There are 4 protein chains.
Amino acid sequence: MSNNSPKARSLRLIARCPDRIGIVARVATFLADRGASITQAAQYEELRSGTFFMRYGFDIPDAPGLLEKLTDAFTPVAKEFGMEWKLRDVSQRQRVVLLVSKFDHCLAYLLHRWKVGDLKMDVPCVISNHNDLRALVEWYGIPYHHVPVPKEAAGKQAAFEEIARRIEEAEPDTVVLARYMQIFPPWLCEKFRHRVINIHHSFLPSFVGGRPYHQADERGVKLIGATCHYVTEDLDAGPIIEQDVVRVRHSDTIEDMMRLGKDVENTVLARGLRYHLEDRVLVHGNKTILFA
Amino acid sequence: MSNNSPKARSLRLIARCPDRIGIVARVATFLADRGASITQAAQYEELRSGTFFMRYGFDIPDAPGLLEKLTDAFTPVAKEFGMEWKLRDVSQRQRVVLLVSKFDHCLAYLLHRWKVGDLKMDVPCVISNHNDLRALVEWYGIPYHHVPVPKEAAGKQAAFEEIARRIEEAEPDTVVLARYMQIFPPWLCEKFRHRVINIHHSFLPSFVGGRPYHQADERGVKLIGATCHYVTEDLDAGPIIEQDVVRVRHSDTIEDMMRLGKDVENTVLARGLRYHLEDRVLVHGNKTILFA
Amino acid sequence: MSNNSPKARSLRLIARCPDRIGIVARVATFLADRGASITQAAQYEELRSGTFFMRYGFDIPDAPGLLEKLTDAFTPVAKEFGMEWKLRDVSQRQRVVLLVSKFDHCLAYLLHRWKVGDLKMDVPCVISNHNDLRALVEWYGIPYHHVPVPKEAAGKQAAFEEIARRIEEAEPDTVVLARYMQIFPPWLCEKFRHRVINIHHSFLPSFVGGRPYHQADERGVKLIGATCHYVTEDLDAGPIIEQDVVRVRHSDTIEDMMRLGKDVENTVLARGLRYHLEDRVLVHGNKTILFA
Amino acid sequence: MSNNSPKARSLRLIARCPDRIGIVARVATFLADRGASITQAAQYEELRSGTFFMRYGFDIPDAPGLLEKLTDAFTPVAKEFGMEWKLRDVSQRQRVVLLVSKFDHCLAYLLHRWKVGDLKMDVPCVISNHNDLRALVEWYGIPYHHVPVPKEAAGKQAAFEEIARRIEEAEPDTVVLARYMQIFPPWLCEKFRHRVINIHHSFLPSFVGGRPYHQADERGVKLIGATCHYVTEDLDAGPIIEQDVVRVRHSDTIEDMMRLGKDVENTVLARGLRYHLEDRVLVHGNKTILFA
């Protein structure tokens, strides 16, 4: 029975560890002993590596210092099984910094979905290499930082150092590249490992790079797509979170594809980001476990 | 770690009960205590009715009379929580009787997928109100029963009594109406409750009845579909297992729709039947929990 | 060879007439005689009614009073074949009035796509029965008219008279109900016949009325959808322009469906409206010919 | 009005030529002058190359030697515009040779769809590098040629010479590689240029080569697909006819992908082949114009 009394709190446990007998029993008993009612549960055993993944949502009676006490109590259990884990209060919003260049459809879509409450997050700031979208962002009451990125190496390095500083000041949990057309330097990818999400305007691994619709037109594909993925130092090759496609016709120009593609990019990014915000995405090697 | 030693057996526990704290802990501990390694786990808490559903796959060391002993041991646990449940050996194939009329695409598709091992089941017989498909069925080495269904009530009643007898002789777990164009009488639906699967050639609840493509053409829809569902006494209104759609154009005739629809019917039925055979579908009221 | 010289103008001819031999020859000869290069051509012969539909795009050398002269010259041709027809300058934007209630996702989506040039139209005003979305609309520099719609008959009638007046003042080609939750009275449907476009939040004809996601949840469908259609006096039963669907899971709540549905509603309305703006949709009975 | 009198014949004209003013007028007048009623018409102007493509279906009064007379009469028109063209009797079936290896789902699907009349073609023979599928093919009354393909170069060359001879004896219009796992040598591709259709088990251009599902698993994509294309000397890089995708989950093994992929391969190949049989596919460079 769901514990919906006013004193219940909704938490989430995400963990991974080497697979062995008794993990579920141990964790579920731990929760039951504390009066927690499991409301969502998903687990997966990756056979090749023998890794076990779990995501449990539960309602638990509230008490002063609940999260800390629970963390302390669970630590020895986690140690016993060799877990990487986190315990999260469902009501606690992630802080998400958005980066954008000139194409503003994804930014506009995320800001709208955020404002109406469909994306549970806080947006401390938006960073752009252009100044064009300031009015839109400020209309939503969000600070806008214009950090131009020059082409030559030294200027580019300085720009990304400023970007890194701006991001760090914002203390984000997650960074979203909402059609940010600059390539993140490897040191910045590393600093926010598995916390930077990109939307790429193709069905990866097809059409890596900056002109996927041109490549799609060149190849004559009958469907185009979009891919939401974590950014790594390999361009457009990080772990995939979500993908989708839409049909195109021989008569569709590259401009038509760009227009049709926007709908898919918006949808795929909003869906992928939401999965991430709800801790549904666990990275394993270069793939993701998606507890959708 | 998955227990893949030759002495391991793969079983599956499916259960439902009133939701309360401690179910997962109790079940998982029961399994861990017996050396079982959980390989698949899915659960769901339906809030309105406060019902808990679970499907656990596990590998367990084999022993003489394993299934019986495990059943005996689990019975008091199930009783404690008020569970409806079943324990199934994954390697044990369901027996599936197929019924068909004249359109043979679904039948041909299922038989092919069965023969190449994509559908783990045994097919004791095929029953049809026509004799047309005997050669196809017998080529697969399966007995074919021709049971004509007259239009007038007495003849129809007698026919369905024969059909019921034929089905019962085959001792099936499941009955599939693979484009069987006769309406199952309520008493027959009741006899095989939630064990008769139908493929309907529309995206239900649109276009109930025998001429959905004509209705789709009439209404001018831009997508047509197919629905795999359990048969109940309400025509085309039983719990839905799987659905999918395909795009049509204004220039598509009803014959074009029928042809395009076949691809969808085949795919949806094969997918839905497979879910059912793997115990992934739990009926709740008039809906299904689908642990896909 | 496409006539892309600076003096060329892009026009569009849309016509329907009883089918007979020689229509294409006559129209194409008419165009060729005037130096027009056909750039897009689509035609369809509806067999049951014997009706012929065509949509021709062409580039033609510009001249003073071109559209009028062409219209005069084509009139006897059209008369000869009994055509209903229109000749349109591609660069001439339609005027589109938007109506909205409280859900603002479709409105926000259309306004964004309009601003970045993906929807070639002018928006003279937005009308709403609530005042909530004034700031959003005015940020785009568009007048916002708040016309509350009372529940009782007399007030409702007066409200719709004011709405009709507001619409007429705006001299629109097209009216879009972007999640406008009031039912248009028949006299208003008639006044703007086949010029009022609605987005319905279900895959019609399933789930007519105001609570489709609740009905979808009740029925347990595995896909939900959205439908863009012309408004007629029959609720949610007008000619369908475009539809699409998205998969849902048993664990998706009505709120989840509403959130997932927004992506589909946005995409389907943007796509359907664009088809309409480009004269790609020809209504025939209660269906549409879609020259996509 | 469609000329459906018993004396009408349904023909199809497919043509391409440099675009210029007056093509449609000329062709449509040619047809109208001969009493032909155009029932289907599609055309496309490819702007970069200035090429015009057309596909006209028409009903024309029958007469002795109709096709020859029409061909003679149209030849000067075609010459005037520099057309490549063909005139086809719709009722005349293409001869299609099928090649297959061990996976038989596509073969079984095509044979079934052919038998029930969904694919209007004749199948003079099936050729395979294995003997496994003889019984299936012969059940359909079709000759089966077993031509093993050795690994070493000389044997392989000899095998493909026998295959070429077998194909030529069958006098096919089209050759379909229905999961034929041998690479066609360039000289054989050239001999049947744009007449050999392959089904590739990925969403090309991703995952070229023989193990696409393994590559899809490796990359962690969220959708897998299939591609129907013309075979050229570049492996899996020929003009694409049709594509589609299906969603996969992190828990899907490579075997699951292969099983799910079969549904898509079947559908995409059946759809693509049908487009080809109905002369709806015009190759232009490495892309296709698809008059679907």
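Residues numbered from 1 in each chain as written. Chains lettered and ligands numbered in written order. Predicted model: local features only at pLDDT ≥ 70, side-chain atom pairs only at ≥ 80, totals over all residues.

In this section: the overall build of chain A. Check the secondary structure of chain A and you find eight helices and 14 strands. On C-alpha atoms alone, chain A measures out to a radius of gyration of 21 Å, which is about the 19 Å that the 2.2 N^0.38 rule sets for 292 residues. In terms of overall dimensions, chain A has C-alpha extents of about 60 × 40 × 35 Å along its principal axes. Here chain A holds 292 residues, and the buried ones make up 45% of them. Taking contacts inside chain A between residues at least 6 apart in sequence as the whole, the part at least 24 apart equals 67%. (Helix = DSSP H or I, 4+ residues; strand = E, 2+ residues; numbered from the N terminus. Rg over C-alpha atoms; globule rule 2.2 N^0.38 Å. Buried ≥ 20, exposed ≤ 12 C-beta atoms within 10 Å, placed from the backbone. Contact = placed C-beta atoms within 7 Å.)

Taken together, the contact between chain C and chain A spans nine residues of the former and nine residues of the latter. Broken down by secondary-structure element, the contributors of at least two residues to the side of chain C that touches chain A are α3 (105-115) and α8 (254-277) of chain C. In terms of residue count, α8 of chain C provides more of the side of chain C that touches chain A than any other element does, four residues in total. Of the residues contributing to the side of chain C that touches chain A, the split by class is three nonpolar, three polar and three charged. (Nonpolar A, V, L, I, M, F, W, Y, C, P; charged D, E, K, R; others polar.)

Right, let's talk about the relation of the copies chain C and chain A for a bit. When chain C is brought onto chain A, the operation consists of a screw motion whose angular component is 180 degrees and whose axial shift is 0.0 Å, with 0.0 Å RMSD remaining. Overall, the copies show the geometry of a two-fold rotation axis. Of the residues that chain C buries at the interface, 100% are likewise interface residues in chain A, meaning the two copies contact each other through the same surface. (Least-squares fit on C-alpha atoms with pLDDT ≥ 70 in both.)

Glancing now at the interface of chain B and chain A. In this complex, chain B contributes 21 residues to the contact, which on the side of chain A involves 21 residues. Those elements that place two or more of their residues in the side of chain B that touches chain A are α1 (23-33) and β2 (37-46) of chain B. Its residues placed into classes, the side of chain B that touches chain A shows ten nonpolar, eight polar and three charged.

Residues and elements named next belong to chain A. By domain assignment, chain A separates into domain 1 (8-89) and domain 2 (94-290). The centre of domain 1, based on its C-alpha atoms, is set 31 Å off from the matching centre of domain 2. Each partner contributes residues to the interface: domain 1 has nine residues there, and domain 2 has five residues. Put simply, the parts of the chain that give the side of domain 1 that touches domain 2 at least two residues each are β1 (8-18), β2 (37-46) and β3 (51-61). Grouping the amino acids of the side of domain 1 that touches domain 2 by side-chain chemistry returns three nonpolar, one polar and five charged. (Domains from an automatic or database assignment.)

Low-pLDDT stretches of the model should not have their predicted coordinates read in fine detail. Confidence in the prediction for chain A averages 96 pLDDT; 98% of positions are at 70 or higher. This prediction of the complex comes with two scores: 0.96 for pTM and 0.95 for ipTM. (pLDDT = per-residue confidence, 0-100.)

As a further point, take the pairing of strand β10 (residues 196-200) of chain A. Residue and element names in this part refer to chain A. Burial analysis of β10 places five of its five residues in the buried class, which makes it a mostly covered element. Here β10 shows no split at all, with Val 196, Asn 198 and His 200 on one side and Ile 197 and Ile 199 on the other all buried. For strand β9 (residues 174-177) and β10, the ladder comprises three bridges, and the chain directions are parallel. Bridge assignment links Val 176 to a residue of β10, and that residue is Ile 197. With helix α6 (residues 186-191) bridging β9 and its parallel neighbour β10, the resulting β-α-β unit is right-handed. (Pairing = 2+ DSSP bridges. Right-handed = clockwise from strand over helix to strand, strands pointing away.)

Looking now at the relation of the copies chain B and chain A. The operation relating the two chain copies consists of a rotation about an axis and a shift along that axis. Relative to chain A, chain B is turned by 180 degrees and slid 0.0 Å along the rotation axis, the superposed coordinates differing by an RMSD of 0.0 Å. Mapped onto chain A, 100% of the interface residues of chain B are again interface residues, and the two copies thus contact each other with one and the same surface.

Looking at the secondary structure, you find Asn 286 of chain D in the loop between β13 (281-284) and β14 (287-290). The exposure class of Asn 286 of chain D is partly exposed, given the 16 C-beta atoms found within 10 Å. Considering only alpha carbons, one finds Asn 286 of chain D and Pro 239 of chain D, 47 residues apart in sequence, at a separation of 4.8 Å. The residues touching Asn 286 of chain D, leaving out its near neighbours within four places in the chain, are Gly 220 of chain A together with Pro 239 of chain D.

A word on helix α1 (residues 23-33) of chain A. Of the residues making up α1 of chain A, those classed as buried are Ile 23, Val 24, Ala 25, Val 27, Ala 28, Leu 31 and Ala 32 of chain A. Those residues of α1 of chain A hidden inside the fold are in contact with β1, β2, β3 and α2 (66-81) of chain A together with α1 and β2 of chain B.

Before going further, it helps to spend a moment on the pairing of strand β11 (residues 223-230) of chain D. All names here are of chain D. Most of β11 is tucked away: eight of the eight residues are buried. Looking at chain direction, strand β10 (residues 196-200) and β11 are connected through four bridges and run antiparallel. If you follow Ile 197 over to β11, its bridge partner there is Tyr 230. As defined by bridge partners, β11 adjoins strand β12 (residues 240-247) across seven bridges and the pair is classed as antiparallel.

A few words on the packing of helix α7 (residues 212-219) of chain B against helix α8 (residues 254-277) of chain B. All names here are of chain B. The geometry of α7 relative to α8 is characterised by a closest axis approach of 9 Å and an angle of 120 degrees between their N-to-C directions. Classified by the interaxial angle, the pair formed by α7 and α8 is oblique. Our pair here, α7 against α8, has a crossing hand that is right-handed. Side by side, α7 and α8 meet where Tyr 213, His 214, Ala 216 and Asp 217 of the first sit next to Ile 254, Met 257, Met 258 and Gly 261 of the second. Its residues assigned to classes, the contact of α7 with α8 shows five nonpolar, two polar and one charged. (Axes fitted to C-alpha atoms, helices over the stretch in contact; angles between N-to-C directions. Parallel < 35°, antiparallel > 145°, perpendicular 65-115°, else oblique. Left-handed = near helix turned anticlockwise from the far one by under 90°.)

Right, let's talk about unusual backbone geometry for a bit. Across the junction of Leu 204 of chain A and Pro 205 of chain A, the peptide omega takes the value 10 degrees, indicating a cis bond. Its location among the elements puts Pro 205 of chain A in the loop between β10 and α7 (212-219). In the Ramachandran plot, Arg 179 of chain D falls in the positive-phi region, its phi being about 65 degrees despite a non-glycine side chain. Mapping Arg 179 of chain D onto the fold places it in the loop between β9 (174-177) and α6 (186-191). Accessibility expressed as a C-beta count within 10 Å gives 21 for Arg 179 of chain D, which makes it buried.

Below, the discussion takes up the environment of Tyr 275 of chain D. Residues and elements named next belong to chain D. Examined against the element boundaries, Tyr 275 turns out to sit in helix α8 (residues 254-277). When the C-alpha positions of Tyr 275 and Arg 9 are compared, they lie 21 Å apart, and in sequence the two are 266 residues distant. In contact with Tyr 275, not counting residues within four places along its chain, are Ile 241, Glu 242, Arg 280, Val 281, Leu 290 and Ala 292.

Spacing of three or four residues puts side chains on the same side of an α-helix, whose turn is 3.6 residues. Its buried side turned inward, α1 of chain B meets α1 and β2 of chain A together with β1 (8-18), β2, β3 (51-61) and α2 (66-81) of chain B. In the stretch just after α1 of chain B, Gly 35 of chain B is the one whose phi turns positive, near 75 degrees.

Look at helix α8 (residues 254-277) of chain A against α8 of chain C: their axes get within 10 Å of each other, and the N-to-C directions meet at 175 degrees. In terms of their interaxial angle, α8 of chain A and α8 of chain C are classed as roughly antiparallel. Of α8 of chain C, the residues touching α8 of chain A (which contributes Asp 263, Thr 267 and Ala 270 of chain A) are Asp 263, Thr 267 and Ala 270 of chain C. Its residues placed into classes, the contact of α8 of chain A with α8 of chain C shows two nonpolar, two polar and two charged.

Further remarks concern the nonpolar core. Within the largest apolar cluster, 332 residues are counted, with the highest numbers of intra-cluster contacts made by Ala 178 of chain A, Ala 178 of chain B, Ala 178 of chain C together with Ala 178 of chain D. When neighbours within four sequence positions are excluded, Ala 178 of chain D is seen to be in contact with Leu 98, Leu 99, Val 100, Cys 106, Leu 107, Leu 110, Ile 199 and Leu 269 of chain D. (Core = buried A, V, L, I, M, F, W, Y, C linked by C-beta atoms within 7 Å.)

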